[in-house]
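Architecture at a glance
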Amino acid sequence: MVTRTADEAALLTALRSGDQRAFAQLVDEYSPALLRVARTYVADAPAAEDVVQETWIAVVKGIGGFEGRSSLKTWLFAVLTNIAKRRGVRDHRRKETLTDFGAATVDPARFHGPGERGVGSWKEPPTPFPDSPEGSVLHRELLEVAGRELDKLPEGQRTVVTLRDMLGFDAAEVCDVLDISPGNQRVLLHRGRAAIRQSLEDYVRSSQRER
């Protein structure tokens with residue numbers, strides 16, 4: 001059972017009645033985030049913009065049939081992901097399913113193995129990141145490295161990390177939007193985050209050697 005706020009209930013009523021100001025409010029609030037998620041599925045920014053445009057058309061046509069079994073936000077992003085996946089296939093991109101986890105992202109040798117004390121824990125702790133005030137050169141460089149690594153992730157990992165870490169969705173919302181199990185969500189998030197962290201560690205080590 002979805003608990004709906006008074007604001008969302010009022011917005012839904014306005015949308016279903018064809019209130020253009022309510023629709024404009026929705027577009028302004030969610031378009032940037034929708035564009036970011038669409039970009040995880042399709043090859044370039046123009047294609048992502050087309051996906052968002054198709055999403056808003058679908059929302060206008062489908063809002064009357066929205067039964068409220070999820071939040072409006074969850075439904076909106078589910079509409080987008082369905083359109084984006086179809087567009088990705090239409091553009092002949094390599095198809096990847098959300099259960100296609102990809103290879104291990106951190107060298108297993110860095111963890112204690114079976115029979116060792118502390119099995120599963122780090123043998124060598126992750127490289128600590130140096131303090132870098134927001135706006136500093138290093139801070140900007142690390143953000144650029146993280147962004148490049150995010151773009152390299154398999155589709156499932158890329159989408160889950162984008163929703164969780166860039167757009168602030170909680171685990172349950174991601175499962176609803178992408179129609180995946182909690183276990184799948186955890187694996188995709190862990191592997192995506194680990195790949196990005198590994199890239200950041202490598203960059204920091206390289207920078208320290210150059211000093």
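This text goes with the structure placed above it.
Here's what I pulled together on the structure shown here. Here the residue numbering is sequential within each chain, running from 1 through the sequence in written order. Per-residue local features are limited, in this predicted model, to residues with pLDDT of at least 70; the limit for side-chain atom pairs, both in listing and counting, is 80 or more; totals at the level of whole chains, interfaces and linings are taken over all residues. In computing side-chain values, all of the structure's heavy atoms are included and hydrogens and water are not.

**Here's the deal with the overall build of the chain**
- To qualify as a helix, a DSSP run of H or I must reach at least 4 residues; to qualify as a strand, a run of E must reach at least 2; elements of each kind are numbered from the N terminus. Counting secondary structure elements, the chain contains eight helices and zero strands.
- Going from N to C terminus, the chain has its helices and strands arranged as α-α-α-α-α-α-α-α.
- Categorising residues by exposure relies on relative accessible area from a 1.4 Å probe, with only protein chains included: less than 20% of the type maximum marks a residue as buried, more than 50% marks it as exposed, and the intermediate range marks it as partly exposed. Out of the 211 residues in the chain, the part that is buried amounts to 41%.
- Carbon and sulfur atoms make up 52% of the accessible area of the chain, which amounts to about 12,400 Å² in all. Note on areas: these come from Shrake-Rupley sampling with a 1.4 Å probe, and a residue is covered only by the protein chains present in the view.

**Section: the pattern of salt bridges**
- Salt bridge, as applied in this entry: a Lys or Arg side-chain nitrogen positioned within 4 Å of an Asp or Glu carboxyl oxygen. Under the counting rule described, the total for this entry stands at seven salt bridges.
- Between K152 and E149 there is a salt bridge whose closest N-O contact spans 4.0 Å. Pair noted here: K152 and E149 are both in helix α5 (residues 137–152), with a separation of three residues, about one helical turn.
- Taking the relative accessible area as the measure of exposure, E149 reaches 14% and is therefore buried.
- Here R193 makes a salt bridge to D165, at a shortest N to O gap of 2.7 Å. Placement of the pair is R193 in helix α8 (residues 182–209) and D165 in helix α6 (residues 155–166), with a sequence separation of 28 residues.
- Here R193 falls in the partly exposed class, since its relative accessible area comes to 38%.
- Overlapping salt bridges bring together D50, E54 and R87 as one network.

**Focus: the nonpolar core**
- Judged by nonpolar contacts, the single largest core of 49 residues is most densely connected at L34, W56, L72, F77, L163 and L178.
- Going through the elements one at a time, α1 (6–16), α2 (20–38), α3 (45–62), α4 (72–90), α5, α6, α7 (171–178) and α8 are the ones with two or more residues in this core.
- Considering each element in turn, this core owes the most residues, eight residues, to α4.
- Dropping the residues within four chain positions of it, W56 is found in contact with F23, L26, V27, Y30, S31, L34 and L76. Put simply, buried Ala, Val, Leu, Ile, Met, Phe, Trp, Tyr and Cys residues joined by side-chain atoms within 4.5 Å make one nonpolar core. Pairs of residues are marked as contacts when any of their non-hydrogen atoms sit within 4.5 Å.

**A closer look at α3**
- With 18 residues, α3 should reach 26 Å at 1.5 Å per residue; the first-to-last C-alpha distance of 25 Å fits that figure.
- When α3 is considered as a whole, its buried residues turn out to be A47, A48, V51, V52, T55, W56 and V59.
- In protein, a polar contact means a hydrogen-donor-capable atom and an acceptor-capable atom, both N or O and within 3.5 Å, with residues adjacent in sequence counting only if both atoms are side-chain atoms; elsewhere, any N or O pair within 3.5 Å suffices. Between the side-chain oxygen of the N-cap and the backbone nitrogen of A47 there are 2.9 Å, and the N-cap of α3 in question is D44. Any helix carries an expected span of 1.5 Å times its number of residues minus one.

**What to know about the packing of aromatic side chains**
- Classification of ring pairs uses Phe, Tyr and Trp, with its six-membered ring standing for Trp, and accepts pairs whose centres are within 6.5 Å; under 30 degrees between planes counts as stacked, over 60 as edge-to-face, and the remaining range as tilted. Enumeration over the complete set of coordinates arrives at four aromatic pairs.
- Taking the centre distance of 5.6 Å and the plane angle of 85° together, the rings of F23 and W56 count as edge-to-face. Residue F23 is found in helix α2, and its partner W56 is found in helix α3; the two are separated by 33 residues along the sequence.
- Take W56: its relative accessible area is 7%, and that puts it in the buried class.
- For the pair Y30 and F77, a centre-to-centre distance of 6.1 Å together with 80° between the ring planes defines the contact as edge-to-face. Of this pair, Y30 sits in helix α2 while F77 sits in helix α4, and the two are 47 residues apart along the sequence.
- Given the relative accessible area of 15%, Y30 is considered buried.
- Of the aromatic side chains, those joined through ring pairs into one cluster are Y30, F77 and F169.

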